[in-house]
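The residues making up each chain are set out below.
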Amino acid sequence: MQDLLRSSGLLVDIFSDVDSEPGFATAGRVTILMRLLDTDCLVALGGGSLMDVAKGARVLFENGGEIGDYVGENKVIFKPKIPLLSIPTTAGTGSEVTIFAVFTDCGQNKKVTIASEYLASDIAFVDPLMMISAPARITAASGIDALSHAIEAYISTISSPYSDTLAIKAIDLITTYLEPAVADGKDIVARTNVALGSTLAGMALNNASLGLTHSIGASLSGHVKVSHGVAIGIMLPYVMEYNLTINPYKFADLACAMGMSFEGKTLHTVASSAVRTVKTLVKNVGLPTHLREIGISEDSFASITETTLKHDMVKFSPRIPTAEDILVMLKNVY
């Protein structure tokens, strides 16, 4: 990438010190570098965390302050003038097309989200050839994260026919091609379809938001050093099971997108098969399936529950949980 840009006569500098779960300070350091270099274009080449840092740094460059000032919805005042070009090297977050950026609030042990149309990249280059060297575990965790985006967008209380169409296609692609992509990273057909599914899921969540899985997942990531996709993979089947009774017809749609058949089966049987399919997929791609596997202790359940209920995306869940509901779910998945 450096060679390509420099051969065109451009001056290029690199910031590569981005953690997998970046805190507020990381975006601030990028902003300082941008000002020192009099930056006029930003290229984000990497995974979702790196793209989120680039989004945040661009906001700070134009609006000032600190990242924490913009947590929540539509708090960014000025649209950044510096163009942002995003090139994902994983297929999962959809950050290249979303209006969200996620950071770790280290002081409060939780992940927080900034939502603003001004965060979105100007151009996204989604090329599966950029993803073929991603390790199997990262491919798996990223892919499950993308699947969760599509599922939670589809069952969201603010979903629409537009977001539903994007979500259902993403679910079809990811459940069909994620296992082959994990098994053989050089399978370009699998890589292409998972990348497409991830991007479509990102577009779906832009319009329908997410829900309880991500609220709990954000809280888990604040308590232990675990990748977002791993935390999401553990919780997704259990949250699906919790929400299933509210709208079994939508869960039956999910099952059909995953290749299930209605013939000779009851609505509940088909709807429930969506939960089982996701649980099996998480296991088959080699991700943890219980909280104890990632170092979560039962002593932290009360704190995790409290943080979860404060998360903005809980309100889009088809079934609004009580503290007791979340505690029971955490115990079941422990």
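Scroll up a little and you will see the structure.
Just so you know, these numbers come straight off a predicted model, no measurement behind them.

Chemist: Mind showing me how you'd approach the side chain of Ser 142 here?
Modeler: Position of Ser 142 relative to the elements: it lies in helix H4 (residues 136-155). Take Ser 142: its relative accessible area is 14%, and that puts it in the buried class. Apart from residues lying up to four places away in sequence, Ser 142 is in contact with Thr 90, Ala 91 and Gly 92.

Chemist: Even after reading the chapter, I still don't get empty space enclosed by the protein, so can you show me in this structure?
Modeler: One water molecule sets the probe size; rolling that probe over the atoms shows where empty space is left. Taken as a whole, this structure holds one cavity of 30 Å³ or more when the rule is applied. A volume near 60 Å³ is recorded for the largest cavity. What lines the largest cavity is simply Thr 90, Ala 91, Met 131, Ala 134, Ile 138, Thr 139, Ser 142, Ala 181, Arg 191 and Val 194. Listing elements by their share of the lining of the largest cavity, those giving two or more residues are H4 and helix H6 (188-208). Taken together, the residues of the lining of the largest cavity sort by class into six nonpolar, three polar and one charged.

Chemist: What am I meant to see in the packing of aromatic side chains here?
Modeler: Any aromatic ring pair is given by two values, namely how distant the centres are and how the planes are angled relative to each other. For the coordinates displayed, the defined rule picks out one aromatic pair. Where Phe 301 meets Tyr 334, the ring centres are 5.8 Å apart and the plane angle is 80°; that geometry is what we call edge-to-face. Placement of the pair is Phe 301 in helix H11 (residues 301-309) and Tyr 334 in the segment after helix H12 (323-333), with a sequence separation of 33 residues. Note that Lys 279 overlies the ring of Tyr 238, its terminal NZ or CZ placed 4.7 Å from the centroid. A cation over an aromatic ring shows up here: Arg 319 above the ring of Tyr 242, its NZ or CZ 3.9 Å from the ring centre.

About the cut-offs
Within each chain, residues carry numbers counting from 1 in the order of the written sequence. Confidence filtering applies because this is a predicted model: local features only for residues at pLDDT of at least 70, side-chain atom pairs given and counted only at 80 or more, and all residues used for totals across whole chains, interfaces and linings. Values shown for side chains rest on all heavy atoms present in the structure; no hydrogens or waters enter the calculation. Secondary structure follows DSSP: runs of H or I at least 4 residues long count as helices, runs of E at least 2 residues long count as strands, and numbering of each begins at the N terminus. For every residue, the accessible area obtained with a 1.4 Å probe (protein chains only) is divided by the maximum for its type, and the residue is called buried under 20%, exposed over 50%, and partly exposed between those limits. By definition, residues are in contact when any of their heavy atoms lie within 4.5 Å. Cavities and pockets are found on a 1 Å grid laid over the protein atoms alone: a cavity is a set of points where a 1.4 Å probe fits but cannot escape, a pocket is an open set with protein on both sides within 12 Å along at least five of seven lines, and a lining residue has an atom within 4 Å of such a point. Grid points are joined across faces, edges and corners, and a volume is the space filled by probe spheres set on the points. Amino acids are sorted into nonpolar (Ala, Val, Leu, Ile, Met, Phe, Trp, Tyr, Cys and Pro), charged (Asp, Glu, Lys and Arg) and polar (every other residue, Gly among them). Under the pairing criterion, centres of Phe, Tyr and Trp rings, with the six-membered ring standing for Trp, must be within 6.5 Å; the plane angle then separates stacked pairs below 30 degrees from edge-to-face pairs above 60, leaving the rest tilted. Lysine and arginine charges are scored as sitting over a ring when NZ or CZ, respectively, is within 6 Å of the ring centre and within 35 degrees of the ring normal.

Interpretation note: all reported values are geometric properties and have no functional meaning in isolation.
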